[in-house]
Amino acid sequence: MAADIDRAGVAKAYGRWAPVYDLVFGKVFDHGRQSTIAEADKIGGRILDVGVGTGLSLSEYSPTTKLCGVDISEPMLRKAQQRVRALGLKNVETLAVMDAKNLAFPDSLFDAVVAQYVITAVPDPEATLDDFIRVLKPGGELILVNHIGAESGPRRLFELAFAPLARRLGWRPEFPWARLANWAAKHSGVTLTERRPMPPMGHFSLIRYRKS
Ligand SMILES: C[S@@+](CC[C@H](N)C(=O)[O-])C[C@H]1O[C@@H](n2cnc3c(N)ncnc32)[C@H](O)[C@@H]1O
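Summary of the structure given here. (Residues numbered from 1 in each chain as written. Predicted model: local features only at pLDDT ≥ 70, side-chain atom pairs only at ≥ 80, totals over all residues. Heavy atoms only, no water.)

### Some details on the overall build of the protein chain
For step 1, the next point in the chain: Looking only at helices and strands, one finds seven helices and seven strands in the protein chain.
For step 2, the next point in the chain: Along the protein chain, helices and strands appear, N-terminal first, in the series α-α-α-β-β-α-β-β-α-β-α-α-β-β.
For step 3, the next point in the chain: Relative to a compact globule of 212 residues, whose C-alpha radius of gyration would be 17 Å, the protein chain shows 16 Å and is just as compact.
For step 4, the next point in the chain: Here the C-alpha coordinates of the protein chain stretch approximately 45 × 40 × 30 Å along the principal axes. (Helix = DSSP H or I, 4+ residues; strand = E, 2+ residues; numbered from the N terminus. Rg over C-alpha atoms; globule rule 2.2 N^0.38 Å.)

### Points about the sheet that holds strand β1 (residues 46–50)
For step 1, the next point in the chain: Spatially, seven strands are ordered β3-β2-β1-β4-β5-β7-β6 in an open sheet, and the strand pairing comes out mixed. The open sheet has two edge strands with one neighbour each: β3 (92–97) and β6 (190–198). The mean inter-strand angle of the sheet, taken between neighbouring strand axes irrespective of direction, is 15 degrees.
For step 2, the next point in the chain: Sheet topology places strand β2 (residues 66–71) next to β3; five bridges connect them, and they run parallel. Residue pairing across strands places L67 opposite V92, the latter belonging to β3.
For step 3, the next point in the chain: Along the sheet, helix α3 (residues 30–43) contacts β1, β4 (110–116), β5 (136–147), β6 and β7 (204–211); its crossing angle with β5, the most-contacted strand, is approximately 170 degrees.
For step 4, the next point in the chain: Across the sheet, helix α4 (residues 74–87) lies against β2 and β3, angled at about 160 degrees from β3, the strand it touches most. (Pairing = 2+ DSSP bridges. Axes fitted to C-alpha atoms, helices over the stretch in contact; angles between N-to-C directions. Contact = heavy atoms within 4.5 Å.)

### With respect to the side chain of S35
For step 1, the next point in the chain: As for its placement among the helices and strands, S35 is situated in helix α3.
For step 2, the next point in the chain: A polar contact of 2.8 Å, which involves the side chain of S35, links it to the backbone oxygen of H31. (Polar contact = N/O pair within 3.5 Å; in protein donor to acceptor, adjacent residues only side chain to side chain.)

### Details of the site of the ligand
For step 1, the next point in the chain: Around the ligand, the structure places 19 residues, and the nearest of them are Y21, R33, G51, D71 and A100.
For step 2, the next point in the chain: Coverage of the ligand by the protein chains reaches 98% of its 590 Å² of free accessible surface.
For step 3, the next point in the chain: The site holding the ligand turns out to be the largest pocket. (Near = heavy atom within 4 Å. Areas by Shrake-Rupley, 256 points an atom, 1.4 Å probe, with all protein chains shown as cover. 1 Å grid on protein atoms, 1.4 Å probe; cavity = no way out; pocket = protein on both sides within 12 Å on 5 of 7 lines; lining within 4 Å. Sits in = over half its atoms within 2 Å of the grid points.)

### A few points about the packing of helix α5 (residues 125–135) against helix α7 (residues 177–186)
For step 1, the next point in the chain: In contact at an axis separation of 10 Å, α5 and α7 are set at 45 degrees when each is read in the N-to-C sense. Taken as axis vectors, α5 and α7 run oblique relative to one another. In this structure, the crossing between α5 and α7 has a hand that is right-handed. Between α5, through P125, E126, L129, D130 and I133, and α7, the contact on the second element is made entirely by R179, L180 and W183.
For step 2, the next point in the chain: Classifying every residue of the contact of α5 with α7 by side-chain character gives five nonpolar, no polar and three charged. (Parallel < 35°, antiparallel > 145°, perpendicular 65-115°, else oblique. Left-handed = near helix turned anticlockwise from the far one by under 90°. Nonpolar A, V, L, I, M, F, W, Y, C, P; charged D, E, K, R; others polar.)

### A word on the pairing of β1
For step 1, the next point in the chain: Of all five residues in β1, four are buried, a share of seventy percent or more.
For step 2, the next point in the chain: Judged from the five bridges that link them, β1 and β2 form a sheet pairing that is parallel. Residue pairing in the sheet places R46 in a bridge with K66 of β2.
For step 3, the next point in the chain: Summarising the sheet, β1 and β4 pair through four bridges and their orientation is parallel. Paired with I47 across the strands is A112, a residue of β4. (Buried < 20%, exposed > 50% of the residue type's maximum accessible area, 1.4 Å probe, protein only.)

So, in structure tokens, the structure goes:
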């Protein structure tokens, strides 16, 4: 079993990714980004994009949706700030360095919280999800997209073998679906409303929860 992930290590890893992130992960992750944004824009209002990275998602939201973006990596966020300036995105209210588990926002502020390719990179996913729910308005939606580990077979073996290196690159490839399902089952104020398989071959999932 690979050692667990730590926040400083992840921040360092994304500091190294920042100069090449858009080139490596821009297109690959685009379908998931577009799908989560389509769901978030149906809700509109004020949206928190956690782990906003270099801000690839920001220009894709409707210009009437107010956006706040946070990320643990300053170099990634600097790229997002440059992008907002270059594109003149007036609907981006805040971009701030912040830990996803300790959001410096009051309770019930956002209509939706979006986290694209983030939840498997945080050290304590359940406590992080708790904080996402805290900042959501009642009736609001938490929308995730992420690679989810295989339950068995050759893909599971590959993910377990790749895990130690992936930790150093900033994520957990073997992350099990059960953690996300069990978190919702135990949280009295949350309903899991959708798990949608995403390409390639359903290895990624779009996941929606509603705060009651
Ligand atoms: C795979 S990237 C995804 C970036 C962006 N959402 C996208 O779709 O391209 C993961 C992002 O999550 C950020 N991240 C990782 N751990 C975090 C934490 N504890 N708090 C906030 N952001 C975090 C990383 O710095 C990185 O920018």
